[in-house]
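# Geometric and topological summary
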Amino acid sequence: MAPTVPLAVLALMALVAPGLGVAPGCDYPAPRWCSSRDTAVTCKVESRCPNLPHPAAAPVQLSLYYESLCPACRDFLVMKLFPTWLLLPEEMLNITLVPYGNAQERNISGKLDFECQHGPEECLGNMMEACLMNEAKNFSTYFPVIFCLESGSSVTKNLEAVCPPPCPSCPTVGDIPVPLTPPCPLQCLQIYAPELDSGRITACVQGDTGVALMHHNAQVTDALDPPHQYVPWITINGKHTDELQAQAEASLLGLVCQLYQGEKPEACGGSKAPKLPSGCRR
């Protein structure tokens, strides 16, 4: 008994040129025309192959220009950006962090120096986070550490928290000492990226590499078009508008889900009404 040809293939064969002619370059037999998207494109029958996998959609590109001690920046990073990143698959959202913000770069006797809006501690925080990114390379490694830094009480002191020594004179419950001060917080590196060498990050902050990274961030920030007027300054797919900024601050998850052209995950939902942007103005 001759093998049965699927109806879909018979339909395809009937749609091509008379005499079963096919597109030039299509050397595949009819039963294989829908076997892959490349084959269907070569044979010019992709519109007749409903079960072909869809090509991967490009991720939404989000860049955050911020400064480490700006309250509005910390709020957006901790309360909006980090939760959105956790909820969405990595192929859906690509994030670039640029810690610099409203800082000013100065050349003093041939040596670069930086003046930050919230003082020297903010410059240190910016450089720490830039050095952390440079050392870790992988976004999924350094972003949780930066989240930890920005959500703590002190950005510059949370990278490595020094625990107080044991207290022999503290009261005890059974054999367990009860400290008179709150328990020592674990350092952010130890919690989220124990594989990173804190010594290398410190060397970066104290050396020429940290200065070079901040110079790069200064150039990237100064090249923004339109120029940033406040931080956090958010660009989506390389663009900044008041509307995009307001949507990102109101419902970042909703905005990313709206813009993504691929299959939406379950986490996607409606966006809230936009609000006016706020931040640390220049």
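Residues numbered from 1 in each chain as written. Predicted model: local features only at pLDDT ≥ 70, side-chain atom pairs only at ≥ 80, totals over all residues. Heavy atoms only, no water.

On to the pattern of salt bridges, then. Across all of its chains, the model carries 4 salt bridges by this definition. When the shortest N-O distance is used, the salt bridge between E150 and R74 registers 3.4 Å. Of the two residues, E150 is situated in helix α5 (residues 139-151) and R74 in helix α3 (residues 71-87); the sequence distance between them amounts to 76 residues. Measuring nitrogen to oxygen at the nearest pair gives 2.7 Å for the salt bridge that ties R200 to E135. Here the residue R200 occupies a position in helix α7 (residues 198-206), and E135 occupies one in helix α4 (residues 120-136), the gap between them amounting to 65 residues. Within this structure, R106, D113 and E115 form a network of salt bridges that share partners. (Salt bridge = Lys/Arg side-chain N within 4 Å of Asp/Glu carboxyl O. Helix = DSSP H or I, 4+ residues; strand = E, 2+ residues; numbered from the N terminus.)

Time to look at the pairing of strand β1 (residues 60-66). With 6 of 7 residues buried, β1 is to be regarded as a mostly interior element. Summarising the sheet, β1 and strand β2 (residues 93-99) pair through 7 bridges and their orientation is parallel. What sits directly across from Y66, in β2, is P99. In this fold, β1 hands off to α3, which returns the chain to β2; that crossover is right-handed. Across 4 bridges, the pairing between β1 and strand β8 (residues 233-236) is antiparallel. Counterpart to S63 in the pairing with β8 is T235. (Buried < 20%, exposed > 50% of the residue type's maximum accessible area, 1.4 Å probe, protein only. Pairing = 2+ DSSP bridges. Right-handed = clockwise from strand over helix to strand, strands pointing away.)

At a minimum axis separation of 9 Å, α4 and α5 run at an interaxial angle of 160°. With respect to their mutual orientation, α4 and α5 come out roughly antiparallel. You can see that α4 and α5 cross each other, and the crossing is right-handed. Seen from α4, the contacting residues are E129, L132, M133 and A136; seen from α5, they are T141, Y142, V145, I146, L149 and E150. Across the contact of α4 with α5, the residue classes break down as 7 nonpolar, 1 polar and 2 charged. (Axes fitted to C-alpha atoms, helices over the stretch in contact; angles between N-to-C directions. Parallel < 35°, antiparallel > 145°, perpendicular 65-115°, else oblique. Left-handed = near helix turned anticlockwise from the far one by under 90°. Contact = heavy atoms within 4.5 Å. Nonpolar A, V, L, I, M, F, W, Y, C, P; charged D, E, K, R; others polar.)

As a further point, take the confidence of the model for the protein chain. Of all residues in the protein chain, 79% attain a pLDDT of 70 or more, and the chain-wide mean is 83. Low pLDDT, under 50, characterises residues 13-21; the predicted model gives this stretch 6 contacts beyond four residues in sequence or across chains. Confidence drops under a pLDDT of 50 for residues 161-166, and excluding neighbours within four residues, the segment shows 6 contacts in the predicted structure. (pLDDT = per-residue confidence, 0-100.)

Between the first and last C-alpha of α3 there are 24 Å, a value that for 17 residues agrees with the 24 Å anticipated at 1.5 Å per step. By the largest-angle criterion, L77 marks the main kink of α3, which is about 35°. C73, R74, F76, L77, V78, K80, L81, F82, T84 and W85 are the residues of α3 that are buried. Buried residues along α3 sit against β1, β2, α5, β7 (230-231), β8 and α9 (242-259). (Expected span 1.5 Å × (residues − 1). Bend = angle between axes of the 7 residues up to and from the residue.)

Within a sheet, adjacent strands bond to each other through the backbone by hydrogen bonds, running parallel or antiparallel. Judged by pairing direction, the sheet is mixed, and its 3 strands sit side by side in the order β2-β1-β8 without closing on themselves. Each edge of the open sheet carries a strand with a single partner, namely β2 and β8. With direction set aside, neighbouring strand axes in the sheet form an average angle of 15°. Sheet strands touched by helix α8 (residues 208-222): β1 and β2. Its angle to β2, the strand with the most contacts, is close to 110°. Of the strands in this sheet, β1, β2 and β8 touch α9, which is tilted by about 30° from β8.

Bringing the nonpolar core into the picture now. Judged by nonpolar contacts, the single largest core of 62 residues is most densely connected at L62, L64, L81, I95, L97 and F143. Not counting residues up to four positions away in its chain, the partners in contact with L81 are L62, L64, F76, I95, L97, F143 and L252. Counting residues in hydrophobic clusters, the runner-up holds 8 residues, among them C26, W33, A40 and C43. (Core = buried A, V, L, I, M, F, W, Y, C linked by side-chain atoms within 4.5 Å.)

Considering all chains together, one arrives at 9 aromatic pairs under this definition. Look at W85 and F139: their rings are 5.7 Å apart centre to centre, the planes differ by 75°, and that puts the pair in the edge-to-face class. In this pair, W85 is assigned in helix α3 and F139 in helix α5, connecting sequence segments 54 residues apart. Grouping residues by exposure puts W85 and F139 together as buried. Judged by centre distance (5.2 Å) and plane angle (75°), the rings of F139 and Y142 are edge-to-face. You can see F139 and its partner Y142 sitting in helix α5, 3 residues apart, about one turn around the helix. Given a relative accessible area of 15%, F139 falls into the buried group. On the basis of relative accessibility, which here comes to 9%, the residue Y142 falls in the buried class. (Phe/Tyr/Trp six-rings, centres within 6.5 Å; stacked < 30°, edge-to-face > 60°.)

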